[in-house]
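Results of the structural survey
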Amino acid sequence: MSYDTRIQTGITGFDTMLGGGYLPNTTNLIEGPPGCGKSTLGMQFIYHGAQQGEPGIILTFEALPETYYQMAAAFGWDFRRLEQEGLLKVIITSPEVTQIDLEHANGVLEHTIAQMDAKRILIDSVTHYESAMAHSPNAAPKSKVSLMARGTPAPGASEKFVERDRLYSFLNALKRQGMTTLLTRETTFLFGDEEGFSGGAGIHFIVDSYTMLRYVEIMSAVRRAIIVLKMRGSAHDSAIRQFEIDARGLVVMAPFEGQEGLMSGTPKRMAASFIKAFVRK
Amino acid sequence: MKMHTLNTRVPQDLDPDLLDFLTTYVDSFIKWELLLFFHQNPNTFDTAEGIARYLGRDKEDVQDALSFLKAHGLLDEVVVGNMLAYVLKPNAELQDKVQKFTEATNDREFRRKAVYHLIRK
Ligand SMILES: Nc1ncnc2c1ncn2[C@@H]1O[C@H](COP(=O)(O)OP(=O)(O)OP(=O)(O)O)[C@@H](O)[C@H]1O
Ligand SMILES: [Mg+2]
């Protein structure tokens, strides 16, 4: 059915969790701690698209494009060749420039998207965007109209409100361009049972889907786990799955109940540590 | 013969095309770094402030060098709200020269000569 066309990430197990892939023209959040695999997942999403002939963009606010060429090469993904073939652009810019450029018709980014006929975009990471929006006087929202339309914010809530408005307009600009967006976001805590969860400007409510990556400690070994917490307009797998990163990128395994290692261990304790990792206080 | 050996000083023995490129575009280390930066990161779209941060250089110095490279046709300047952002200008001929220059900078001997040329200015 055409309304249910999916944008596959190319990570088989993850696509299964998403009910076949992301819905087209949506914004999708991947959140997790340092080194857990956010950028790898994002690059895989872009690479898979390019292989299907769908041009993609990686927008970075901190790591240089060279870093992505190198990271990708470790998985055998030739990003420089994709750039030469017009299937990829790794753009480094700042959040303030992005925000204002996207608000104006015929900006550089809009022009690039149209020229490439890009369908996928990876924002790595939205954390930088959020902190810049929280501090920058430059990047005020285009007009106050949208703010007024949604009513006057309560006293003290106005800053968060403006931040959220900026984020909302940024993500909407990408939607307007017909993009399927993947946003990575950093969490500072390594395991799920630590304090420090920060909702920022409410990004979890704005995005269409929300996936969490976590480190999980099972029997003295640190593993990686993935869960889809929200997906608008679609059923999704609610199981917690283990994943690994190998020479092919992310490899998502069966829900962890079925794992071999669990059979030989103490499943109850392991289930408890997975739950602990994902349930916030 | 002896005189000649003594006079075999840089930059006279640089490749004429490269010497020409150096003389026209690379009269400071900042410009050298910027050319390499845009060559390695061709889809950069940012302000002097942003680019200065990536390079770990002074914002004013970077702004001056960016304006120079814009004036010399290597970069395009884009007005973004109340900011100025820079992108690589699509110009195959110039990009080809930059490519030759960056390739040459992989050679230690060339770097030595080019640096000499720069500090002699
Ligand atoms: N070829 C490979 N084989 C196996 N593992 C790899 C390979 N290349 C990278 N990794 C692993 O992938 C991890 C890097 O993941 P990635 O850069 O995607 O994390 P991240 O969540 O984006 O981190 P950060 O928050 O620091 O940006 C590294 O910790 C490394 O262990
Ligand atoms: Mg990363």
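Scroll up to find the structure.
Rules used throughout
- Residues numbered from 1 in each chain as written.
- Chains lettered and ligands numbered in written order.
- Predicted model: local features only at pLDDT ≥ 70, side-chain atom pairs only at ≥ 80, totals over all residues.
- Heavy atoms only, no water.
- Phe/Tyr/Trp six-rings, centres within 6.5 Å; stacked < 30°, edge-to-face > 60°.
- Helix = DSSP H or I, 4+ residues; strand = E, 2+ residues; numbered from the N terminus.
- Buried < 20%, exposed > 50% of the residue type's maximum accessible area, 1.4 Å probe, protein only.

Here's the deal with the packing of aromatic side chains
Residue and element names in this part refer to chain B. The final tally for this structure, using the stated rule, is 14 aromatic pairs over all chains. Considering the side-chain rings of F21 and Y25, the 4.9 Å spacing of their centres and the 45° angle between planes classify their relative orientation as tilted. Of this pair, F21 and Y25 both sit in helix α2 (residues 16–25), separated by four residues, roughly a single helical turn. Neither F21 nor Y25 differs from the other in exposure class; each is buried. Ring geometry for F37 versus Y54: centroids 5.9 Å apart, planes at 15°, classification stacked. Here F37 is found in helix α3 (residues 29–40), whereas its partner Y54 is found in helix α4 (residues 48–55), with 17 residues between them in sequence. Note on Y54: relative accessible area 15%, which makes it buried.

Here we look at unusual backbone geometry
Residues and elements named next belong to chain A. Omega for the peptide link from D124 to S125 comes to 5°, which places this bond in the cis form. Tracing the backbone through its elements, the reader meets S125 in the loop between β4 (120–124) and α7 (126–135). Residues other than glycine seldom take positive phi values, yet N106 does so here, at roughly 65°. Position of N106 relative to the elements: it lies in the loop between α5 (95–103) and α6 (108–116). On the basis of relative accessible area, N106 is assigned to the exposed category, the value being 62%. Backbone geometry at D117 places phi at a positive 60°, although glycine is not the residue there. Mapped onto the secondary structure, D117 falls in the loop between α6 and β4.

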